[in-house]
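Topology and contacts: notes
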Amino acid sequence: MPVVDCIITAAGLSSRMGKWKMMLPWHAGTILDASIKNALQFCNRVILVSGYRATEIHNRYANQPNIIITYNPDYAQGLFTSIKVGAAAVNSGHCFITHGDMPELNNDIFRKIWALRNDNALIPCYQGQPGHPVLLSKKCLLQAISQPDVSNMRQALLRGKHNLIEINDARITLDIDTPEDFINAQNRHR
């Protein structure tokens, strides 16, 4: 297992879902459980960024030594603020970034992207659509979060050195944002 951290954002309100999606059932656990488990199959640490309902996240994951929980007090201002909070806890030379609502990313996906690592941000794409997990060097991460006048991480990454890498796996683009997404994801696993 390589020494690499993975920032997983789980701070949002889940407004498009209509209810908090992180603890929706997924197999034997929750959507967030699966996202963390999948990252830990390849990464040695998960930096879990909480915000909305942070106490529930803390209570569920606090006693796991390979999960570092960070809190984003500005979570209502968007995902970019959560990535900045998570970046402060990164110890490894490279870091993956993904979302807590992507329970279908697996060890094979992380491994394929890791094999292509360089000093740039690697943004996986499926049929031209950007996805996750993004892999970047710590230097690239720090440059991205310090970009002036950017409103999101993708914009910050595209301004810096980056490579779009085609990964022939639709799961890199499948996050669960709406009730329809949730139903479709569950149907794929029956």
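Above: the structure in question.
Residues numbered from 1 in each chain as written. Predicted model: local features only at pLDDT ≥ 70, side-chain atom pairs only at ≥ 80, totals over all residues. Heavy atoms only, no water.

If you tally the helices and strands in the chain, you get 7 helices and 10 strands. What you see for the chain is a C-alpha radius of gyration of 15 Å, in line with the 16 Å of a compact globule of 190 residues. Dimensions along the principal axes, computed over C-alpha positions, put the chain at roughly 40 × 35 × 35 Å. Looking at the chain as a whole, 51% of its 190 residues are labelled buried. Considering only residue pairs separated by 6 or more positions, the chain has 69% of its internal contacts joining residues 24 or more positions apart. Of the accessible surface of the chain, which amounts to about 9,100 Å², a share of 49% is contributed by carbon and sulfur atoms. (Helix = DSSP H or I, 4+ residues; strand = E, 2+ residues; numbered from the N terminus. Rg over C-alpha atoms; globule rule 2.2 N^0.38 Å. Buried < 20%, exposed > 50% of the residue type's maximum accessible area, 1.4 Å probe, protein only. Contact = heavy atoms within 4.5 Å. Areas by Shrake-Rupley, 256 points an atom, 1.4 Å probe, with all protein chains shown as cover.)

What follows deals with the state of the cysteines. According to the stated counting rule, one finds 0 disulfides in the structure shown. Free cysteine Cys-6: the closest other cysteine sulfur is in Cys-43, separated by 4.7 Å. Cys-6 gets classed as buried once you look at its relative accessible area, which sits at 0%. (Disulfide = S-S within 2.5 Å.)

Further remarks concern the pattern of salt bridges. Counting across every chain of the model gives 7 salt bridges. We note a salt bridge from Arg-60 to Asp-33, for which the minimum N-O separation is 2.6 Å. With Arg-60 in helix α2 (residues 54–61) and Asp-33 in helix α1 (residues 31–40), this residue pair connects regions lying 27 residues apart in the sequence. Between Glu-56 and Arg-53 there is a salt bridge, with the nearest N and O atoms lying 2.6 Å from each other. For Glu-56, a relative accessible area of 35% gives the class partly exposed. Arg-53 gets classed as partly exposed once you look at its relative accessible area, which sits at 35%. (Salt bridge = Lys/Arg side-chain N within 4 Å of Asp/Glu carboxyl O.)

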